[in-house]
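Listed below, chain by chain, are the residues.
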Amino acid sequence: MTNQADKGEGGTTLKIVQAIMARTATANEDLLLYAQREKVDVALLQEPYVRYGRLVGLEASLIRIILAPGFRNRRGHNIIHGATIVVFNPALAVLARDDLTCDNFAVATVSTTEGSEINLISAYFKYRDPTAGLINTLRRIKRACGNKTLIAADINAFSTDWFSKRTDHRGILVESFIQEEQLQLANRVSPLFTFSGPRGENNIDITLTTMDLFTEINDWKVIDGEITSNHRLIAYNIGRGKSIKILKSKKRFATDKADWVLFNAELVTRLNQVRDDLQHADLESRTELLMDAIN
């Protein structure tokens, strides 16, 4: 079966989501289910759950992934990645911008079947990193991309411009960047905040576009309850034509014929081998050890 774009009067529509995954495997599973149900074309993610360079649960052959480089957590064994771009729709031509992708920034150019190109940047402003330095990196990437550029970012900054409860010094720096680069803010007023955690709720996730793309962004919204994360899913469309047809991923595991007695015995053996580490390791390291035992 060949995927073809349904061309409407206004061309085609790309269905985009952006999300902060809180580095949980469950969030990856949630995203896949949502993408299949809603026929999402592309997801721009921050803090994804990655093990050994793979987005667990999103390894289907038709899915393309652009993953930012990572760093090793000093308290764990895994590599921590700040940002990624996941292309669910095989009808889209994708160019991974390896020349621009770097720590906490994933960059790609996608082309629809009618030849329109859009540059995508997934950006993660790590709270402990200086905002000014992250802005300088984003500025360099944005200028290299040029026109028709979309930026989805977890900026960890407050500003009333994106409907936060207040503006902080980080928000002021981001506001200046937006003005200097003549970017447009796509965020809309919503009854839901993008972040909801034990310390309260606020808006710290933004969607930016170059001026030539801004009028094509529509139906921007915050959605509750779709992913297991302390950030809510953000969804929107680019373009006002018909959607691009997408194939659903086939089931990858057949568990109905699994030998669960053998599985349980093997699992117990592996857990016994790492019993001491499990007792003394931190939560993240325990999670890694358990995942290694199961896989």
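In this report, we go over the structure that sits alongside the text.

Parameters and conventions
- Residues numbered from 1 in each chain as written.
- Predicted model: local features only at pLDDT ≥ 70, side-chain atom pairs only at ≥ 80, totals over all residues.
- Heavy atoms only, no water.
- Salt bridge = Lys/Arg side-chain N within 4 Å of Asp/Glu carboxyl O.
- Helix = DSSP H or I, 4+ residues; strand = E, 2+ residues; numbered from the N terminus.
- Buried < 20%, exposed > 50% of the residue type's maximum accessible area, 1.4 Å probe, protein only.

Let's talk about the pattern of salt bridges
Step number 1: The tally for this structure, following the rule as stated, stands at 13 salt bridges.
Step number 2: Residue Glu47 is joined to Arg23 by a salt bridge in which the shortest nitrogen-to-oxygen separation is 3.1 Å. Placement of the pair is Glu47 in the loop between β2 (42-46) and β3 (50-51) and Arg23 in the loop between β1 (12-20) and α1 (25-38), with a sequence separation of 24 residues.
Step number 3: Judged by relative accessible area, Arg23 falls into the partly exposed class, the value being 27%.
Step number 4: Residues Glu226 and Arg37 are paired through a salt bridge, measuring 3.0 Å at the closest nitrogen-oxygen approach. Highlighted residues: Glu226 in the loop between β17 (217-223) and β18 (233-238) and Arg37 in helix α1, separated in sequence by 189 residues.
Step number 5: Looking at Glu226, the relative accessible area reads 22%, which means it is partly exposed.
Step number 6: Through salt bridges with shared partners, a single network forms among Arg139, Lys142, Arg143, Glu180 and Glu181.

Here we look at unusual backbone geometry
Step number 1: The backbone of Ala22 sits at a positive phi, close to 55°, despite the residue not being glycine.
Step number 2: For Ala22, the position within the fold is in the loop between β1 and α1.
Step number 3: In this structure Ala22 comes out as partly exposed when scored by relative accessible area, which is 28%.
Step number 4: Residue Gln182 is not a glycine yet carries a positive backbone phi of 55°.
Step number 5: Take Gln182: it is sitting in the loop between α3 (169-180) and β13 (183-185).

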